[in-house]
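# Fold and contact review
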Amino acid sequence: MSGFDDGVMVGETKMQANVLFKEAQITERVASLAQEIAADYASRGGLHTVTVLNGALHFASQLRFAISKANPELGFEMTSDTIHLASYHGTGSSGEVKKISDLTHPVTGKHVLILEDIVDTGKTLSVLVAELLAQKPASLAVVVLLRKPSKLAVPESDLGEKMYVGFDIGPEFVVGHCFDYDGRFRDVPDIYALSPAE
């Protein structure tokens, strides 16, 4: 039984929640991403991850452990930092990127991998990519758990040298396993798509 069985209120609208991805599917896909990333960075002499808070926190922890498991030597050398950005309000991206907290250290000369939960319009990510590229990292790529190709509003070239993608989805609003609505539901193990209740 799910806490979503009776629906969930989003503002004044009652929404129904349908499972999009089960926890086991997510775990399997994250392990696959980790294998690919570990192989790509094995010969680069290090990997520096930048986790975008708050959304990517769970995904980042899961992925970083999986990378370390896939390549223990790389895992031993990995470094990390976080940046807290906000662009969502309610169920949609506001289009305005607000920086709540910044990086602790510059990324100059590092092989940087941005860890993000979702790419919607791509505007938030493009702002971050441009800011980090200005610091002249050795390389810069992105890994996202979910991507909404139909909503992308910036050129893919603005989103790093390479993007590793967990799952492509439609335009639906999602909650669970990183994804929230006004701070709730991030800790639900599965990912649900919300739609108006019939």
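Residues numbered from 1 in each chain as written. Predicted model: local features only at pLDDT ≥ 70, side-chain atom pairs only at ≥ 80, totals over all residues. Heavy atoms only, no water.

Let us look at helix H1 (residues 23–41). In this model H1 runs 27 Å from its N-terminal to its C-terminal C-alpha over 19 residues, within 8% of the 27 Å that 1.5 Å per residue would give. Along H1, the residues classified as buried are Ile-26, Val-30, Leu-33, Ala-34, Ile-37, Ala-38 and Tyr-41. Viewed along the axis of H1, the buried residues span an arc of 135°, placing them on a single side of the element. Seen from the open side of H1, the exposed residues pointing more than 90 degrees away from its buried face are Ala-24, Glu-28, Gln-35 and Ala-39. (Helix = DSSP H or I, 4+ residues; strand = E, 2+ residues; numbered from the N terminus. Expected span 1.5 Å × (residues − 1). Buried < 20%, exposed > 50% of the residue type's maximum accessible area, 1.4 Å probe, protein only. Arc of directions from axis to C-beta.)

Turning our eyes to something else, we now look at unusual backbone geometry. Cis geometry marks the peptide bond from Leu-53 to Asn-54, where omega comes out at 0°. Note that Asn-54 resides in the loop between strand E3 (48–53) and helix H2 (57–70). The phi dihedral of Cys-178 is positive, around 105°, even though this residue is not glycine. Within the element layout of this structure, Cys-178 appears in the loop between strand E9 (173–175) and strand E10 (191–196).

What follows concerns the packing of aromatic side chains. To describe a pair of aromatic rings, you give the distance between the ring centres and the angle between the ring planes. Using the criterion set out here, one finds four aromatic pairs in the structure. Aromatic pair Phe-4 and Phe-185: ring centres 5.1 Å apart, planes at 65°, arrangement edge-to-face. A residue pair is termed long-range when its members are at least 10 positions apart, and Phe-4 in the segment before strand E1 (8–10) and Phe-185 in the loop between E9 and E10 qualify at 181 residues. Residue Phe-4 is classed as buried on the basis of its relative accessible area, which comes to 8%. Taking 4.6 Å as the distance between ring centres and 65° as the angle between the ring planes, the aromatic pair formed by Phe-4 and Tyr-192 counts as edge-to-face. With a gap of 188 residues between them, Phe-4 in the segment before E1 and Tyr-192 in strand E10 connect regions that are remote in the sequence. Neither Phe-4 nor Tyr-192 differs from the other in exposure class; each is buried. Taken together, the ring pairs connect Phe-4, Phe-185 and Tyr-192 into an aromatic cluster. Positioned over the ring face of Tyr-41 is Arg-44, at 4.4 Å from the centre of the ring. (Phe/Tyr/Trp six-rings, centres within 6.5 Å; stacked < 30°, edge-to-face > 60°. Lys NZ or Arg CZ within 6 Å of the ring centre and 35° of its normal.)

Take the packing of H1 against H2 next. The interhelical angle for the contact between H1 and H2, taken along N-to-C directions, is 55°, at an axis separation of 8 Å. As judged from the angle between their axes, H1 and H2 are oblique. As for how H1 packs across H2, the hand of that crossing is right-handed. Packed against H1, whose contacting residues are Ile-26, Thr-27, Val-30, Ala-31, Leu-33, Ala-34, Gln-35, Ile-37 and Ala-38, the element H2 presents Phe-59, Gln-62, Leu-63, Ala-66, Ile-67 and Ala-70 at the interface. Per-class residue counts for the contact of H1 with H2 are twelve nonpolar, three polar and no charged. (Axes fitted to C-alpha atoms, helices over the stretch in contact; angles between N-to-C directions. Parallel < 35°, antiparallel > 145°, perpendicular 65-115°, else oblique. Left-handed = near helix turned anticlockwise from the far one by under 90°. Contact = heavy atoms within 4.5 Å. Nonpolar A, V, L, I, M, F, W, Y, C, P; charged D, E, K, R; others polar.)

This brings us to the nonpolar core. Core analysis: the largest hydrophobic core is formed by 30 residues, its most contacted members being Ile-37, Leu-63, Ile-67, Leu-113, Val-143, Leu-145 and Leu-146. Sequence-distant contacts of Leu-63, that is, excluding residues within four places in its chain, are made with Val-30, Leu-33, Ala-34, Ile-37, Leu-115 and Val-143. Residues Val-52, Val-119, Leu-140 and Val-144 belong to the second largest nonpolar core, which totals 19 residues. (Core = buried A, V, L, I, M, F, W, Y, C linked by side-chain atoms within 4.5 Å.)

Attention now moves to the pattern of salt bridges. Enumeration over the complete set of coordinates arrives at seven salt bridges. In this structure, the salt-bridge partner of Lys-162 is Asp-40, at a minimum N-O distance of 3.0 Å. Residue Lys-162 is found in the loop between strand E7 (139–147) and strand E8 (163–168), and its partner Asp-40 is found in helix H1; the two are separated by 122 residues along the sequence. The exposure class assigned to Lys-162 is partly exposed, which follows from its relative accessible area of 35%. Note on Asp-40: relative accessible area 27%, which makes it partly exposed. The salt bridge involving Arg-186 is made with Asp-180; its shortest N-O contact spans 3.2 Å. Under the relative-accessibility criterion, Arg-186 is labelled buried at 19%. In this structure, a network of salt bridges that share partners links the residues Glu-36, Asp-40 and Lys-162. (Salt bridge = Lys/Arg side-chain N within 4 Å of Asp/Glu carboxyl O.)

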